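Residues per chain, in single letters:
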There are 2 protein chains.
Amino acid sequence: MLMKILITSGGTTEAIDSVRGITNHSTGRLGKIIAETFLNQGHEVTLVTTKHAVKPESHSQLSLRIISSVANLHSALEELVPQHDVLIHAMAVSDYTPVYMTDLDELKNTSDIAQLLEKTNTESKISSASDYQVLFLKKTPKLISQVKVWHPKIKLVGFKLLVDVSKEELVSVARESLRKNKADFILANDLSQITTDRHQAWLVGQDSIQEAQTKDSIAKLIYKEVTKHD
Amino acid sequence: MLMKILITSGGTTEAIDSVRGITNHSTGRLGKIIAETFLNQGHEVTLVTTKHAVKPESHSQLSLRIISSVANLHSALEELVPQHDVLIHAMAVSDYTPVYMTDLDELKNTSDIAQLLEKTNTESKISSASDYQVLFLKKTPKLISQVKVWHPKIKLVGFKLLVDVSKEELVSVARESLRKNKADFILANDLSQITTDRHQAWLVGQDSIQEAQTKDSIAKLIYKEVTKHD
């Protein structure tokens, strides 16, 4: 059965001011390979990605949507999730967004720090006069937890990237994410085990763990599970 | 007379941890056009630029050096400045770099904030458990002020980008930068006056101000001044 596949790739950027932003690094290579795997089998793919991410070549069954921030991603997913059968959410999404940037003097002269969390910068480009700056950030909404609310029947593959942890910790964090986000699978991977040719990963399901060691085999594994009859 | 021209373009990124960084946005388009202008006239060009910046096509007289952080740029310029006749420093250089990221609890429980400036994060990927985070940043060294120390005879063209200020303020800030950095020219421009087709700028010298309104005319103006006999 041909399906409508929604894939996210790349990394979001949260603006600090008009010239600076906090970026989550992600090349988009894995999302590109996953998109190509589904396109090659005749499925329709919508790829939500970011400016600097690598992208598949244009294809009659491929739609691209370029976004930058978590807020952009929120709008895009809220609109697109109900129109698709599967979401493969490989994008590196910023977990914090800037609230207010100030210098140490203002911080030292503030008795209640909570007040600073209510402030916003009015300058377009924050001054670089002080030797130090303090940037307050707040957590972004966890969009993955909304996916099954927007479309309960969608098949959801989430991603979890940790750095330099044991396989046990990685799998346990993936299981926790499965449960919290009602995901069908979590692709768990560790930055310290990703090189140009190799990409160690585990596809964690409710009662299964499957291993892959390259981006190609990750894409094939996800393809197999997503297209499997229930 | 053919010269050795050093050009910087793009924007630096300062790492927060292994997956996040603070980036100064810059497409590198102006640096590319300036490089091409000099290459077309037979000059030798070294372009120090960043991964995502647009680059000129390869050329027998062009060397590329890809850097990421201010520390990378520092090493590159210290090595390359003495080997060149001219530096055109169009890169958007991060003015702050992350020192330490923590949650509000640690901030509230610290009597002397200066202590936090001595700390560093030991985690590879900073946890995203707290609702808020505080990121302390310190000023990066102003590399442009070292250029004439490394090579007193180099011709130095600095750049100053402000956002939504008057022409008077822009020119006054450029004059201050000329003086402080012993630059020969400062290209002063305002982000709010840059669109796809138009790039309003002033090339400010000791006793001169020349206006340009496109990236091409900025490149030609810089070319004319840099190759003029003294």
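If you check an unreviewed UniProt entry, chain A appears there as Phosphopantothenate--cysteine ligase from Streptococcus pluranimalium.

A. The interface of chain B and chain A, seen in detail. Listed per partner, the contact involves 40 residues of chain B and 40 residues of chain A. Between chain B and chain A lies a buried interface of about 3600 Å² when both sides are counted; carbon and sulfur atoms form 62% of it. On the surface where chain B and chain A come into contact, there are two salt bridges. Residue Arg 20 of chain B is joined to Asp 95 of chain A by a salt bridge in which the shortest nitrogen-to-oxygen separation is 2.5 Å. At the boundary of chain B and chain A, one finds 16 residue pairs in polar contact (both at pLDDT 80 or more). The set of elements that each furnish at least two residues to the side of chain B that touches chain A consists of strand 3 (20-24), strand 7 (96-103), helix 3 (104-108) and strand 8 (132-139) of chain B. The element that contributes the greatest number of residues to the side of chain B that touches chain A is strand 8 of chain B, accounting for eight residues.

B. Summary view of the pairing of strand 9 (residues 155-162) of chain B. Residue and element names in this part refer to chain B. Across the eight residues of strand 9, six count as buried, placing the element largely inside the fold. With three bridges connecting them, strand 6 (residues 86-89) and strand 9 associate as parallel partners. Across the sheet, residue Leu 87 finds its bridge partner in strand 9, namely Leu 156. For strand 9 and strand 10 (residues 185-194), the ladder comprises six bridges, and the chain directions are parallel. Within the sheet, the bridge partner assigned to Gly 158 lies in strand 10 and is Ile 186. Handedness of the crossover joining strand 9 and strand 10 through helix 5 (residues 167-181) is recorded here as right-handed.

C. Main features of the domain arrangement of chain A. Residue and element names in this part refer to chain A. Along its sequence, chain A is organised into domain 1 (4-95 + 142-227) and domain 2 (96-139). A separation of 33 Å is found between the C-alpha centroids of domain 1 and domain 2. Taken together, the ten residues of domain 1 in the interface contact eleven residues of domain 2. In total, domain 1 and domain 2 occlude about 890 Å² of area from one another, counting both sides; carbon and sulfur atoms represent 59% of this. Considering only the side of domain 1, the residues that lose the most area to domain 2 are Ile 16, Arg 20 and Asp 95, jointly responsible for 48% of the buried surface there. Across the contact surface, domain 1 and domain 2 share one residue pair in polar contact (both at pLDDT 80 or more). Mapped onto the side of domain 1 that touches domain 2, the elements with two or more residues apiece are strand 2 (13-15) and strand 3 (20-24). Considered class by class, the residues forming the side of domain 1 that touches domain 2 number four nonpolar, two polar and four charged.

Rules behind the numbers
Here the residue numbering is sequential within each chain, running from 1 through the sequence in written order. Working convention: letters from A go to chains and numbers from 1 go to ligands, in the order in which they are written. Two thresholds apply to this predicted model, a pLDDT of at least 70 for residue-level local features and 80 or more for giving and counting side-chain atom pairs, whereas whole-chain, interface and lining totals are computed over all residues. In computing side-chain values, all of the structure's heavy atoms are included and hydrogens and water are not. Working rule for contacts: check all heavy atoms of both residues, and any pair within 4.5 Å makes them a contact. Defined in terms of a 1.4 Å probe, buried area is the accessible area two parts forfeit on being brought together, summed over both. A pair is scored as a salt bridge if a Lys or Arg side-chain nitrogen falls within 4 Å of a carboxyl oxygen belonging to Asp or Glu. Whenever a nitrogen or oxygen atom comes within 3.5 Å of another N or O atom, the pair is scored as a polar contact, on the condition that within protein one atom can donate a hydrogen and the other can accept it, and that pairs from neighbouring residues in sequence are kept only if both atoms are in side chains. Counting from the N terminus, the helices are DSSP H or I runs at least four residues long and the strands are E runs at least two residues long. The classification of residues rests on relative accessible area computed with a 1.4 Å probe and restricted to protein chains. Under 20% of the type maximum is buried, over 50% is exposed, and intermediate values are partly exposed. Here the rule is simple: two strands pair whenever DSSP picks up at least two bridges between them. With the strands pointing away from the viewer, any crossover whose connection runs clockwise from the first strand over the helix to the second is right-handed. Segmentation into domains, and thus their bounds, comes from an automatic or database assignment. In the scheme used here, Gly and all other residues not listed as nonpolar or charged are polar, with Ala, Val, Leu, Ile, Met, Phe, Trp, Tyr, Cys and Pro taken as nonpolar and Asp, Glu, Lys and Arg as charged.

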